[in-house]
Amino acid sequence: MPWKLSKFKVRFKNDGPYSKVTYTVRVENQSNIRMKGGLCARLIDKDDFEIEAIPGQSLNFAPGKTDSTSDRFHLKPDLWSEVAKIKAYIGPYRCADSPSEAVSNIVIITVNSH
């Protein structure tokens, strides 16, 4: 895979009628060419069903570049309470691509508390 994701972190803040969720991930272009793609965070419930797909930032990295990127989204608290894990990956067209079409590893983070 040309992209590598690591050090995935999630922060949650209950902010009025919507909860703010911020995630940070370390991204590395492991190829020898410039790579473009977009982050996708898929919210998954305890039964492994997808609740929502959240498109993240577009990325355009030179060969060998490594950097951390953050993104945030708002979600109703009752919906966030159903999230058991987040699957994050880079797709050529963000969340329009399924995880099987990812051009990076798929990072899964378990959401322990809401």
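Predicted model only: the values in this text are computed from it and were never measured.

*Asks:* Give a description of the state of the cysteines that names residues and reports values.
*Replies:* Considering all chains together, one arrives at one disulfide under this definition. A disulfide bridge connects Cys 40 with Cys 95, and the sulfur atoms are separated by 2.1 Å. When the S-S torsion is 105°, as for the bridge of Cys 40 with Cys 95, the disulfide is right-handed. Pair noted here: Cys 40 is in strand E3 (residues 35–45) and Cys 95 is in the loop between strand E6 (83–91) and strand E7 (107–110), with a separation of 55 residues, a long-range link.

*Asks:* Describe the pairing of E6, and please don't skip the residues or the numbers.
*Replies:* Looking at chain direction, E3 and E6 are connected through eight bridges and run antiparallel. Looking at the pairing, Ala 41 lines up with Ala 88 of E6. As judged from the four bridges shared by E6 and E7, these two strands associate in the antiparallel manner. From the neighbouring strand, Lys 85 faces E7, where its bridge partner is Thr 110.

*Asks:* Got a sec to walk through the sheet that holds strand E1 (residues 3–15)? Specific residues and values, please.
*Replies:* Backbone-to-backbone hydrogen bonds pair the strands of a sheet. The strands run either parallel or antiparallel. Here we have three strands laid out as an open sheet, ordered E1-E2-E5, and antiparallel in their pairing. With partners counted over all chains shown, the strands left at the sheet margins are E1 and strand E5 (66–75), one partner each. On average, each strand axis in the sheet is tilted by 15° relative to the strand beside it, whichever way the strands run. Two strands pair when backbone bridges link them, and E1 and strand E2 (residues 18–29) are joined in this way by 11 bridges, in the antiparallel orientation. Residue pairing for E2: Val 10 is matched across the bridge by Tyr 23.

*Asks:* Can you explain the nonpolar core? Please cite residues and give values.
*Replies:* Trp 3, Phe 8, Val 27, Ile 86 and Ile 90 are the most contacted members of the largest nonpolar core, which totals 25 residues. At the level of secondary structure, the elements contributing two or more residues to this core comprise E1, E2, E3, strand E4 (50–61), E5, E6 and E7. Apart from the residues within four sequence positions on either side, Ile 86 is in contact with Phe 8, Val 10, Ala 41, Arg 42, Leu 43, Trp 80, Val 107, Ile 108, Ile 109 and Val 111.

*Asks:* Explain the pattern of salt bridges residue by residue, including any values.
*Replies:* The full count for this structure, using the stated rule, is three salt bridges. Here Lys 46 and Asp 47 are joined by a salt bridge, their closest N and O atoms 3.5 Å apart. For Lys 46, a relative accessible area of 71% puts it in the exposed group. The salt bridge involving Asp 48 is made with Lys 85; its shortest N-O contact spans 2.9 Å. Here Asp 48 is found in the loop between E3 and E4, whereas its partner Lys 85 is found in strand E6, with 37 residues between them in sequence.

*Asks:* So what's going on with the sheet that holds E4? Which residues, and what values?
*Replies:* On the basis of which strands lie adjacent, the open sheet formed by four strands has the order E4-E3-E6-E7 and antiparallel pairing. The sheet is open, and its two edges are formed by E4 and E7, each paired on a single side. Strand after strand, the sheet turns through a mean of 15° between neighbouring axes, direction not considered.

How each quantity is defined
Residues numbered from 1 in each chain as written. Predicted model: local features only at pLDDT ≥ 70, side-chain atom pairs only at ≥ 80, totals over all residues. Heavy atoms only, no water. Disulfide = S-S within 2.5 Å. Helix = DSSP H or I, 4+ residues; strand = E, 2+ residues; numbered from the N terminus. Pairing = 2+ DSSP bridges. Axes fitted to C-alpha atoms, helices over the stretch in contact; angles between N-to-C directions. Core = buried A, V, L, I, M, F, W, Y, C linked by side-chain atoms within 4.5 Å. Buried < 20%, exposed > 50% of the residue type's maximum accessible area, 1.4 Å probe, protein only. Contact = heavy atoms within 4.5 Å. Salt bridge = Lys/Arg side-chain N within 4 Å of Asp/Glu carboxyl O.

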